[in-house]
Amino acid sequence: MHLPSLAIAFLGSCPLWRPALASVSPAAGSWSHALAKRHHRGRHDDCPLVNRGSFIINQCQQYPENADWDEDSCLVYFGSLWNATVAIYDPYIDDFVAILEFPNVTRTGTEHIGGVTWDRFSSLITILVDSAAPWATAGADVSGTNLLLKWDPSTQTTLWTVNLTETTRGAYGGFQDIETDKRGNTYVVGTYPASILRVSANGSDVVPWYGPPQTANTTVPGLGGLVALGPEGNLLLANDAGNGSIYRLDTRAQLAPRTLAQVPIRPDVRYNDTDAIYAPPLYNGTVLLVASHAAGIQVLVSRDGSWSTAEHLGTIPNPLRGTPGAVADATKGSVVTAAVQAGPNAVYIIDDWLADTWVEGEVAGSRTQFPMPDITAQIDALLRLG
Ligand SMILES: *[C@@H]1O[C@H](CO)[C@@H](O)[C@H](O)[C@H]1NC(C)=O
Ligand SMILES: *[C@@H]1O[C@H](CO)[C@@H](O)[C@H](O)[C@H]1NC(C)=O
Ligand SMILES: *[C@@H]1O[C@H](CO)[C@@H](O)[C@H](O)[C@H]1NC(C)=O
Ligand SMILES: *[C@@H]1O[C@H](CO)[C@@H](O)[C@H](O)[C@H]1NC(C)=O
Ligand SMILES: *[C@@H]1O[C@H](CO)[C@@H](O)[C@H](O)[C@H]1NC(C)=O
Ligand SMILES: *[C@@H]1O[C@H](CO)[C@@H](O)[C@H](O)[C@H]1NC(C)=O
Ligand SMILES: *[C@@H]1O[C@H](CO)[C@@H](O)[C@H](O)[C@H]1NC(C)=O
Ligand SMILES: *[C@@H]1O[C@H](CO)[C@@H](O)[C@H](O)[C@H]1NC(C)=O
């Protein structure tokens, strides 16, 4: 039988995906109804337990780069790197309630979505769209559009979008993680070279808050991730992607100091390939998980939560010993890009694949299985021994 090539292109390599809770259309869908209802339960860390242990998510081309746990709706928001979508996952039914697509971003190949966070102060979702070029060229080419979106899950609308490239004038880039403080500011961290932009609550003001110290050599890897701690999000931690140092900043400062204050790590274990950092809410700001592509998840602790120093408790390898065979097998060839809490009680490794060959005519590889190794028991054991 002869199929017109248009039909083949349209079908693509993935089976047609339908959201678990019916339509993605915000106006008519029962999805919007379900999510809005759950969203307005208005409770924090009161979600049902997730007692699944390690598991595998079956979703074509998910390629998760980073994620966050939304304590209002009890859903996980994933940034799907290559498709440049936001995939919203319900860990209780093991399915996605929606995959958000963005015009001129999704499946362009020139844009990625990595950083996606839930804001504990405003309940809004922040989405970072970043140019693919810096990642493809290790910082040699930092051109392209970088956007920050504020998305309201209760109405499923984008409240505002800012074009960060208008501030950077294309001189630096590699943006990959975001945080928010109680005043409504959003901090965006850049890797090529180190930078932090601060965006005001309504998106009207973008300030180069830290750096870049130089833009002559954009290939020097700078900061990788961000975490904002404390009751008002005033304590900001950032990691050096190139040497694993942890820096401590105060979001109340008008501008960050030119020289960042290092958090001494004892013993001084640091990795040269760090990506996202994450403080699982279940440890109330005392545990910092540092993703190292090759080594796994480094567990740092500051028992009083001040982060004036950090204790290195150990590094949980990927896959960890004792991981069920199918999940361990599914991690083959992956790099560890982040960690995320899913449920009030469980913490997972996020594995991504940065070198899969793209399906012809598409912008991602053909992978359909994405493992979620549960590392909660390992973190708890390190905390008991430490
Ligand atoms: C990625 O895009 C394909 C279409 O090319 C789609 O079938 C798949 O569901 C998408 N996955 C995600 C996580 O965006
Ligand atoms: C997408 O890009 C095209 C070409 O630059 C532009 O005309 C169009 O308005 C954009 N669409 C949206 C929704 O931004
Ligand atoms: C973002 O701003 C840059 C620099 O002004 C511009 O080149 C680019 O077209 C803008 N992108 C969008 C989507 O507005
Ligand atoms: C954004 O907030 C600032 C105050 O922080 C205000 O001056 C400005 O008018 C606001 N802009 C919009 C578009 O609401
Ligand atoms: C830029 O920095 C990289 C290290 O990140 C170094 O290998 C390279 O030599 C530097 N280039 C110049 C022109 O200084
Ligand atoms: C969590 O940490 C804060 C300090 O940031 C402290 O005031 C609070 O008592 C802690 N809560 C619990 C339950 O330990
Ligand atoms: C890590 O690298 C930064 C520059 O990227 C440098 O300022 C800092 O001193 C380095 N830290 C250590 C402990 O080498
Ligand atoms: C990073 O560290 C690993 C392990 O110690 C080493 O094999 C690798 O060469 C280092 N890479 C860079 C870019 O220094």
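Refer to the structure printed above.
For the structure given in this document, a descriptive report is provided here.

Calculation criteria
- Residues numbered from 1 in each chain as written.
- Chains lettered and ligands numbered in written order.
- Predicted model: local features only at pLDDT ≥ 70, side-chain atom pairs only at ≥ 80, totals over all residues.
- Heavy atoms only, no water.
- Core = buried A, V, L, I, M, F, W, Y, C linked by side-chain atoms within 4.5 Å.
- Buried < 20%, exposed > 50% of the residue type's maximum accessible area, 1.4 Å probe, protein only.
- Disulfide = S-S within 2.5 Å.
- Helix = DSSP H or I, 4+ residues; strand = E, 2+ residues; numbered from the N terminus.
- Near = heavy atom within 4 Å.
- Polar contact = N/O pair within 3.5 Å; in protein donor to acceptor, adjacent residues only side chain to side chain.
- Areas by Shrake-Rupley, 256 points an atom, 1.4 Å probe, with all protein chains shown as cover.
- Nonpolar A, V, L, I, M, F, W, Y, C, P; charged D, E, K, R; others polar.
- 1 Å grid on protein atoms, 1.4 Å probe; cavity = no way out; pocket = protein on both sides within 12 Å on 5 of 7 lines; lining within 4 Å.
- Points joined across faces, edges and corners; volume = space filled by probe spheres on them.
- Contact = heavy atoms within 4.5 Å.
- Arc of directions from axis to C-beta.
- Lys, Arg positive; Asp, Glu negative; His and termini not counted.
- Salt bridge = Lys/Arg side-chain N within 4 Å of Asp/Glu carboxyl O.
- Pairing = 2+ DSSP bridges.
- Axes fitted to C-alpha atoms, helices over the stretch in contact; angles between N-to-C directions.

## Section: the nonpolar core
Part 1 of the reasoning: One finds Phe 78 and Ile 379 to be the most contacted residues of the largest nonpolar core, which totals 40 residues.
Part 2 of the reasoning: Grouped together as the second largest cluster of nonpolar side chains are 19 residues, Leu 100, Val 116, Ile 125 and Trp 151 included.

## A few points about the state of the cysteines
Part 1 of the reasoning: Within the structure shown, the criterion is met by 2 disulfides.
Part 2 of the reasoning: Shown here is the disulfide that connects Cys 14 with Cys 60, its sulfur atoms set 2.0 Å apart. The disulfide joining Cys 14 to Cys 60 has a torsion of about -75 degrees about its S-S bond and is therefore left-handed. Of the two residues, Cys 14 sits in the loop between helix H1 (5-11) and helix H2 (30-39) while Cys 60 sits in the loop between strand E1 (55-58) and strand E2 (64-70), which places them 46 residues apart along the sequence.

## Some details on the site of ligand 7
Part 1 of the reasoning: Residues in close proximity to ligand 7 include Asp 240, Asn 243, Ser 245, Tyr 247, Gln 262 and Arg 270, which together make up its full environment.
Part 2 of the reasoning: Within the side chain of Asn 243, one N or O atom sits 2.3 Å away from an oxygen atom of ligand 7.
Part 3 of the reasoning: Between ligand 7 and Ser 245, the relevant distance is 3.4 Å, taken from a nitrogen atom to a side-chain nitrogen or oxygen of the residue.
Part 4 of the reasoning: Contact with the protein chains covers 46% of the free accessible surface of ligand 7, which is 360 Å².
Part 5 of the reasoning: Partitioning the shell around ligand 7 into residue classes produces 1 nonpolar, 3 polar and 2 charged.

## Here we look at empty space enclosed by the protein
Part 1 of the reasoning: This structure, assessed with the given rule, holds 1 cavity of 30 Å³ or more.
Part 2 of the reasoning: Volume-wise, the largest cavity comes out at about 30 Å³.
Part 3 of the reasoning: Along its surface, the largest cavity is lined by Ile 57, Gln 62, Pro 64, Ile 350, Asp 351, Phe 370, Pro 371 and Met 372.
Part 4 of the reasoning: Listing elements by their share of the lining of the largest cavity, those giving two or more residues are strand E24 (347-352) and strand E25 (369-372).
Part 5 of the reasoning: The leading source of residues in the lining of the largest cavity is E25, at 3 residues.
Part 6 of the reasoning: A class-by-class count of the residues in the lining of the largest cavity yields 6 nonpolar, 1 polar and 1 charged.

## Some words on the environment of Pro 231
Part 1 of the reasoning: Tracing the chain through its elements places Pro 231 in the loop between strand E14 (223-229) and strand E15 (235-240).
Part 2 of the reasoning: In this structure, the C-alpha to C-alpha distance between Pro 231 and Lys 182, residues 49 residues apart in sequence, is 8.1 Å.
Part 3 of the reasoning: Excluding its chain neighbours within four sequence positions, the residues that come into contact with Pro 231 are Arg 120, Phe 121 and Lys 182.

## A word on helix H6 (residues 376-385)
Part 1 of the reasoning: Buried within H6 are the following residues: Thr 376, Ile 379, Leu 382 and Leu 383. Taken down its axis, H6 places every buried residue within 130 degrees of arc, on the same side. Away from its buried face by more than 90 degrees, H6 exposes Ala 377, Arg 384 and Leu 385.

## Quick notes on the side chain of Asp 351
Part 1 of the reasoning: Topologically, Asp 351 is positioned in strand E24.
Part 2 of the reasoning: No salt bridge is formed by the buried Asp 351, whose closest oppositely charged neighbour, Arg 367, lies at an N-O distance of 9.7 Å.
Part 3 of the reasoning: Among the polar contacts made by the side chain of Asp 351, one reaches the side chain of Ser 334 at a distance of 3.1 Å.
Part 4 of the reasoning: In this structure, Asp 351 is in contact with Pro 64, Asn 318, Thr 331, Ser 334, Val 335, Val 336, Pro 371 and Pro 373, ignoring residues within four places of it in sequence.

## Observations regarding the sheet that holds strand E12 (residues 195-199)
Part 1 of the reasoning: Taken in spatial order, the 4 strands make up an open sheet running E10-E11-E12-E13, and their pairing is antiparallel. If you trace the sheet from one side to the other, it starts and ends with strand E10 (173-180) and strand E13 (206-210), each paired once. Strand-to-strand twist in this sheet, taken as the mean axis angle between neighbours without regard to direction, amounts to 30 degrees.
Part 2 of the reasoning: The pairing of E10 with strand E11 (residues 186-192) spans 6 bridges and is antiparallel. Note on E11: the bridge partner recorded for Asp 177 is Val 189.

## Some points on unusual backbone geometry
Part 1 of the reasoning: At the junction of Gly 211 and Pro 212, the peptide bond is cis and its omega measures out at 0 degrees in the coordinates.
Part 2 of the reasoning: Mapped onto the fold, Pro 212 is located in the loop between E13 and E14.
Part 3 of the reasoning: The omega angle of the peptide bond from Asn 318 to Pro 319 is 0 degrees, so this bond is cis rather than trans.
Part 4 of the reasoning: Note that Pro 319 resides in the loop between strand E22 (310-316) and helix H5 (325-330).
Part 5 of the reasoning: Residues other than glycine seldom take positive phi values, yet Tyr 63 does so here, at roughly 30 degrees.
Part 6 of the reasoning: Secondary-structure assignment places Tyr 63 in the loop between E1 and E2.
Part 7 of the reasoning: Among the residues examined, Tyr 63 registers a relative accessible area of 0% and is labelled buried.
Part 8 of the reasoning: Its identity as a non-glycine residue notwithstanding, Arg 107 has a phi of 55 degrees, on the positive side.

## Some points on the sheet that holds strand E16 (residues 246-250)
Part 1 of the reasoning: Pairing is antiparallel across the open sheet formed by 4 strands, whose spatial order is E14-E15-E16-E17. Here the strands that pair on one side only, and so sit at the sheet edges, are E14 and strand E17 (261-263). For this sheet, the mean angle separating the axes of adjacent strands, direction not counted, is 35 degrees.
Part 2 of the reasoning: Bridging between E14 and E15 involves 5 bridges; their strand directions are antiparallel. Bridged to Leu 223 within E15 is Asp 240.

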